[in-house]
Structure formats: structure tokens, C-alpha cells
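# An overview of the molecular structure
Now for the letters of each chain:
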Amino acid sequence: MTETPAPYRDTPPPRRIRIPDLQQAKVRGERWAMLTSYDTYTAALFERAGVWALLVGDSAANTVYGYDSTLPITVDELIPLARAVVRSTHRSLVVADLPFGSYEEGPNQALATATRFMKEAGSHAVKLEGGVRVVDQIRKLVAAGIPVMGHIGFTPQSEHALGGYRVQGRGDDAADTVLADALAVAEAGAFAIVLEMVPVDVAKRVTAEVAIPTVGIGAGADCDAQVLVWQDMLGLRKGRLPRFVRQYADLDAVMGEAVGRYVDEVRTGAFPAPEHTFDGGWS
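Here's what I pulled together on the structure shown here. Just so you know, these numbers come straight off a predicted model, no measurement behind them.

It is worth spelling out the layout of surface pockets at this point. One number sums up the size of the second largest pocket: a volume of about 370 Å³. Contributing elements (two or more residues each) for the lining of the second largest pocket: β1 (32-36), β7 (214-217) and β8 (225-228). Taken together, the residues of the lining of the second largest pocket sort by class into 11 nonpolar, four polar and two charged.

Structural data, given as C-alpha cells:
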């Protein structure tokens, strides 16, 4: 049994984190972090900081492209982002979201979409939303050798059917539905499951009853791992935040102050200074 690579900061990574590493971490009770990433600089930075898995999420619809939901983003818009993240990392496992409309028709559509992410972007795994209703898609991908991360509870691609951003799994029947979805996804061959906006007791029960790692987002501390959208976590997103978000920095303020200084120095002529210019010599 191989050891899970320990988180690193500035040392060269020995190898890429693999699916078995995540499974072994669950067995040992070792938690790991996942963040979204959509570009070269954040991908490399997050990897250096010890983030084990990077999600090229359909949340890029909001954070990169400016859509008001995740529904409009396309495969063609996500693949270049996933390609950039893969190229910029050497250790983190890179998971790409299958966007809305790219797998709902059935297993063959899911396979065609996932194959594009694996071949054109070099993704190491894909993620798709849904429980019992997508087990045929998961089985098809796993049979083709494509690792699949599931996503149950609140599924943003189904926000209209779910009545908006609502916690899922409240009440006995709803909790049983979440557990049934988790067991179905695990049985179909997924290597991990994202649990989004489910009560902490439900997430704890799912984590205990499924053999694969659970990745929480608004699901409490009993999950095997946690994931956040990086712009939420680092304070670029302003306004009302989901309850489950903790902001570890205020990059909006930091970047705003820096850009303001740049604007002022350009306007007053303080930038560029002599040290930022070239003379007529060869040096």
C-alpha cells in the first residue's frame, strides 16, 4: 500500500496524487482540502499550499464568465480552463465538471463529454451532479476507465427544480433519499462524492456508511474532505455569502488598494519611474 503524499509548500512534488491516495486517507481518518481553480496562477499557488484536489467547476460560469447561474456554461468554455489547470500542476488531482446539458441524455453523451475533458484538457477525473438518476452514466464512464466524482444534496444545475438554493435532506424521508443517492453513486463506481448543503447529521451518516470519501461544502466537519470556491474563500466575492463559506483573506480590498495606487501613479506621472524604463544603450 502506497503512502499518501504529505502536503508540501515549496518543495518539488514527488508525484501526482491518485485516487487510491484519497481512499487510503479516508481509512486513516486523514482529511484533505479541495479548491476550485480555473487558471494557471491559482492552480500552481494552491498546489504549493498543499491542496490535494483542484476542481475546474462549472462555477466558472459565475466567477469567470459572469453568468448569473451555472446553467449557461458549455463544454467548450470549460475545457480551456481545465487544460490550463492541468498544465500548471504536477501533484494535485484535477477534476473537471461536466456542465449542464452535457450528460443528461444518457451514458453515451456522458462518455463523449468526459472523453473530451480527458483527451483535450488532460483532466484526471470528471464530476457530475445527481444520485440515483445518473448511475448509468457513472457506470459507463467508470467502465471506460474514467474516474468519476459524484455530487449529491443540493445540485446547482437543478436549482430551478429544487426551488432555489435550499438545504437538502431535512426530514426523515429527505435524509433517506440523500443516503440512497450516496449509496447508488458509490455502488456505480464513483471514487468520491460531493455533499452540498445537507444537514450535518445526514452528512455524518453518509460518510460513515459509504466506503468512498465524502467532500463537504455546507455539510459539516464530519466529511472526509472539504471544497470551496476559491473566490469565496479568499474574499473576491462581495455581498451576501453562503453560510458555509469562511473567508480567509480579503483580496477584494488588497487588490482594490493596489489598483487604486497604480491608477493614481499613472495619472500623476509617478509611474513609470526611471527604473522602469530603457535608455538608448544596448544594456
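Taken as a whole, this structure holds 13 salt bridges when the rule is applied. Note that R28 is salt-bridged to E30, the shortest N-O span being 2.7 Å. Residue R28 is classed as partly exposed on the basis of its relative accessible area, which comes to 42%. Salt bridges linked by common partners bring D76, R116 and E120 together as one network.

Attention now moves to the pairing of strand β5 (residues 148-153). Among the six residues of β5, six are classified as buried, and the element is accordingly described as predominantly covered. Of the two faces of β5, the one holding V148, G150 and I152 and the one holding M149, H151 and G153 are both buried throughout. Looking at chain direction, strand β4 (residues 125-127) and β5 are connected through two bridges and run parallel. Bridged to K127 within β5 is M149. Handedness of the crossover is the feature at issue here: the chain leaves β4, passes through helix α6 (residues 135-143), returns alongside β5, and the resulting connection is right-handed. As judged from the five bridges shared by β5 and strand β6 (residues 192-196), these two strands associate in the parallel manner.

Our focus in this paragraph is α6. Within α6 the residues assigned to the buried category are V135, Q137, I138 and L141. Each buried residue of α6 sits inside an arc of 155° when the element is viewed along its axis, so together they form one side. Immediately beyond the C-terminal end of α6, within one or two residues, lies G145, with a positive phi of roughly 85°.

With that out of the way, let us pick up the packing of helix α5 (residues 107-121) against α6. Two quantities define a packed helix pair, namely the angle between the axes and the distance from one axis to the other. The geometry of α5 relative to α6 is characterised by a closest axis approach of 8 Å and an angle of 45° between their N-to-C directions. As far as their axial angle goes, α6 and α5 are oblique. The interaxial crossing formed by α5 with α6 has right-handed handedness. Each of P107, N108, A110, L111 and A114 in α5 lies in contact with α6, whose residues at this interface are D136, Q137, K140 and L141.

Bringing unusual backbone geometry into the picture now. With glycine set apart, most residues show a phi of negative sign, and most peptide bonds adopt trans. The linkage connecting F271 with the following residue, P272, adopts the cis geometry, with an omega of 5°. The phi dihedral of M197 falls on the positive side, at around 50°, and the residue is not glycine. For M197, the location among the structural elements is in the loop between β6 and α8 (200-209). You can call M197 buried: its relative accessible area is 12%.

Put simply, helix α4 (residues 75-87) and α5 touch, their axes get as near as 9 Å, and they point 40° apart. Considered as vectors, α4 and α5 are oriented oblique to each other. Judged by the sense of rotation from one axis to the other, the crossing of α4 with α5 is right-handed. Where α4 abuts α5, its residues V75, D76, L78, I79, A82, R83 and V86 lie against T113, R116, F117, E120 and A121. When the residues that make up the contact of α4 with α5 are grouped by side-chain class, the tally is seven nonpolar, one polar and four charged.

Taken together, the side chains of V259, Y262, V263, V266 and F271 make up a nonpolar region of the molecular surface, amounting to roughly 430 Å² of accessible area. With respect to the secondary-structure elements, V259 resides in helix α10 (residues 251-268). Accessibility expressed as a relative area gives 48% for V259, which makes it partly exposed.

Definitions and limits used
Residues numbered from 1 in each chain as written. Predicted model: local features only at pLDDT ≥ 70, side-chain atom pairs only at ≥ 80, totals over all residues. Heavy atoms only, no water. 1 Å grid on protein atoms, 1.4 Å probe; cavity = no way out; pocket = protein on both sides within 12 Å on 5 of 7 lines; lining within 4 Å. Points joined across faces, edges and corners; volume = space filled by probe spheres on them. Helix = DSSP H or I, 4+ residues; strand = E, 2+ residues; numbered from the N terminus. Nonpolar A, V, L, I, M, F, W, Y, C, P; charged D, E, K, R; others polar. Salt bridge = Lys/Arg side-chain N within 4 Å of Asp/Glu carboxyl O. Buried < 20%, exposed > 50% of the residue type's maximum accessible area, 1.4 Å probe, protein only. Pairing = 2+ DSSP bridges. Right-handed = clockwise from strand over helix to strand, strands pointing away. Arc of directions from axis to C-beta. Axes fitted to C-alpha atoms, helices over the stretch in contact; angles between N-to-C directions. Parallel < 35°, antiparallel > 145°, perpendicular 65-115°, else oblique. Left-handed = near helix turned anticlockwise from the far one by under 90°. Contact = heavy atoms within 4.5 Å. Patch = residues over 30% accessible without salt bridge, like charges linked within 9 Å, V, L, I, M, F, W, Y side chains within 5 Å. Areas by Shrake-Rupley, 256 points an atom, 1.4 Å probe, with all protein chains shown as cover.

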